[in-house]
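Below are the chains, spelled out letter by letter.
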Amino acid sequence: MKDIIRSQSVLKEEIIERINKQIKIEATSSSAYLAMAGWCDVRGYDNCAKFFFKQSDEERGHQLKFFHYLADMEAEATSPTIDEVEHEFSSLKSVFEKALENEISVTESIHDLVRLARKQGDIATEEFLRWFVQEQIEEEFVARKCVELFDVFGNEKLAIGMIEERILSIEYDGGE
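Notes on the structure in this doc start here. This is a predicted model, so every value here is computed, not measured.

The helix and strand inventory of the chain stands at five helices and zero strands. Its helices and strands in sequence order give the chain the pattern α-α-α-α-α, from N to C terminus. Considering only C-alpha atoms, the chain reaches an extent of 65 × 35 × 25 Å along its principal axes. Here the analysis covers contacts within the chain between residues at least 6 apart in sequence; of these, 79% occur between residues at least 24 apart. As displayed, the chain offers around 10,100 Å² of accessible surface, 51% of which is attributable to carbon and sulfur atoms. Side chains of the chain give 21 positive and 37 negative charges; the mean places of these two sets differ by 2 Å.

This is the structure in structure tokens:
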């Protein structure tokens, strides 16, 4: 049951607006990864398609975490309209480069949100964001490792096959 004493959100309007913007960023990321999965799937890159389908699901989960946080804090969460995402890529490597660019952009956005929460003394939101900061460390690490596979193996057919074999095994070990 919601707190009946509280008649308004404990979050400041700027935080609410910024989190709603992050909801849209996460939704757009999910859609972009879905497009990447489709591009890979049509071209027979089955493991890469599985990788991007999983990434799409994860981004949707992130979107929902932000959405629920606003609702739990009795703030208005908005379901975003997203812009068209890229559906055509010049190569498999360019798909992974785009994914890395996306993760870097999401990391910057999360960091900006943390800085705003600190500036406003919003300890609850800063604590909530801690999980996302850690998640972005992992997301960028995995995206960089995927791009590095192309640097190691190249772009020839045999190399792409080797990348296909390894792509699903790339994990972040937390620095262990």
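Picking up where we left off.
For residues that are not glycine, phi is negative in most cases, and the peptide bond is trans in most cases. At E74, a position not held by glycine, the phi torsion is positive, near 60°. Looking at the element boundaries, E74 is found in the loop between α2 (46–72) and α3 (92–119).

Glancing now at the pattern of salt bridges. Pairs can form between side chains of opposite charge once their charged atoms are near each other. A complete count under the given rule lists 10 salt bridges for this structure. A salt bridge links E58 to K54, with the nearest nitrogen and oxygen atoms 3.3 Å apart. Of the two residues, E58 and K54 are both situated in helix α2; the distance of four residues between them amounts to about one turn of the helix. A residue is classified by how much of its surface remains accessible, and K54, at 51% relative accessible area, is exposed. Across the pair K98 and E86 runs a salt bridge, and its minimum N-O distance is 3.6 Å. Of this pair, K98 sits in helix α3 while E86 sits in the loop between α2 and α3, and the two are 12 residues apart along the sequence. Residue classification places K98 among the partly exposed residues on the basis of a relative accessible area of 34%.

Grouped together as the largest cluster of nonpolar side chains are 25 residues, with contacts concentrated most on C40, F52, L92, F96 and I167. Counting residues per element, the ones that place at least two in this core are α1 (13–42), α2, α3, α4 (123–153) and α5 (157–166). Tallying contributions element by element places α4 first for this core, with six residues. For C40, the residues in contact, after removing those within four places along its chain, are Y45, C48, A49, F52, L92 and V95. Core analysis: the next-biggest nonpolar cluster, separate from the first, contains 20 residues, L11, L70, M73 and V114 among them.

Cut-offs used in this document
Residues numbered from 1 in each chain as written. Predicted model: local features only at pLDDT ≥ 70, side-chain atom pairs only at ≥ 80, totals over all residues. Heavy atoms only, no water. Helix = DSSP H or I, 4+ residues; strand = E, 2+ residues; numbered from the N terminus. Contact = heavy atoms within 4.5 Å. Areas by Shrake-Rupley, 256 points an atom, 1.4 Å probe, with all protein chains shown as cover. Lys, Arg positive; Asp, Glu negative; His and termini not counted. Charge placed at Lys NZ, Arg CZ, Asp CG, Glu CD. Salt bridge = Lys/Arg side-chain N within 4 Å of Asp/Glu carboxyl O. Buried < 20%, exposed > 50% of the residue type's maximum accessible area, 1.4 Å probe, protein only. Core = buried A, V, L, I, M, F, W, Y, C linked by side-chain atoms within 4.5 Å.

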